[in-house]
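Architecture at a glance
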Amino acid sequence: MASTEAVQLYRSLLRSSKLFSQYNFREYFLRRTREEFRAHRGESDAAKIAELIGRGKEELQVIHRQATLSTLFRENQKHVVELRGTKN
């Protein structure tokens with residue numbers, strides 16, 4: 001059950017991170033999510049897993065709230081890194 005919940009949390013965090021309109025914020029939260037889950041991949045203690053999932057759910061709320069605010073102040077200009085593959 002914990003692994004299913006962890007996978008669902010991981011996917012939700014990635015999805016919410018992709019809602020950021022600004023490149024730097026979006027990439028930061030995607031990278032941080034991946035790093036945190038990789039760091040605790042081998043965790044087997046049920047109490048520690050429950051604690052990590054609880055902390056992850058709190059982070060999901062923060063990311064979702066910040067992503068919503070980010071859409072209110074959306075910039076029309078893309079970041080240089082996002083323009084790399086397009087022709088001008």
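In what follows, the structure referred to is the one given above.
In this text the structure is predicted, and so the values were computed from the model without any measurement.

The rules behind the values
Residues numbered from 1 in each chain as written. Predicted model: local features only at pLDDT ≥ 70, side-chain atom pairs only at ≥ 80, totals over all residues. Heavy atoms only, no water. Helix = DSSP H or I, 4+ residues; strand = E, 2+ residues; numbered from the N terminus. Contact = heavy atoms within 4.5 Å. Areas by Shrake-Rupley, 256 points an atom, 1.4 Å probe, with all protein chains shown as cover. Salt bridge = Lys/Arg side-chain N within 4 Å of Asp/Glu carboxyl O. Buried < 20%, exposed > 50% of the residue type's maximum accessible area, 1.4 Å probe, protein only. Expected span 1.5 Å × (residues − 1). Arc of directions from axis to C-beta. Phe/Tyr/Trp six-rings, centres within 6.5 Å; stacked < 30°, edge-to-face > 60°.

If you tally the helices and strands in the protein chain, you get four helices and zero strands. The secondary structure elements of the protein chain, listed N-terminal to C-terminal, are α-α-α-α. Partitioning the contacts of the protein chain with sequence separation of at least 6, the portion at a separation of at least 24 is 70%. Per element, the accessible surface of the protein chain, about 6900 Å² overall, is 52% carbon and sulfur.

This structure, assessed with the given rule, holds three salt bridges. Linking E5 and K57 is a salt bridge whose minimum nitrogen-to-oxygen distance equals 2.7 Å. Within this pair, whereas E5 is found in helix α1 (residues 2-17), its partner K57 is found in helix α3 (residues 46-72), the two being separated by 52 residues in sequence. Residue classification places E5 among the partly exposed residues on the basis of a relative accessible area of 24%. The partner of E36 in a salt bridge is R55, and the shortest N-O contact between them spans 3.7 Å. Taken together, the positions of E36 in helix α2 (residues 23-39) and R55 in helix α3 put the pair 19 residues apart, joining distant regions of the chain.

The end-to-end C-alpha separation of α2 is 24 Å, in line with the 24 Å expected for 17 residues at 1.5 Å each. For α2, every residue scored as buried is listed here: R26, F29, L30 and T33. The buried residues of α2 occupy one face: seen down the axis, they fall within an arc of 100°. Projecting away from the buried face of α2 at angles above 90 degrees are the exposed residues R38 and A39.

Turning next to the packing of aromatic side chains. Centre-to-centre distance and the angle between the planes together describe a pair of aromatic rings. For the structure shown, the criterion picks out four aromatic pairs. Judged by centre distance (5.0 Å) and plane angle (15°), the rings of F20 and F29 are stacked.

In this section: the side chain of S16. In this fold, S16 is placed in helix α1. The exposure class of S16 is buried, given its relative accessible area of 8%. Ignoring sequence-local partners within four residues, the contact set of S16 consists of L60, I63, H64 and A67.

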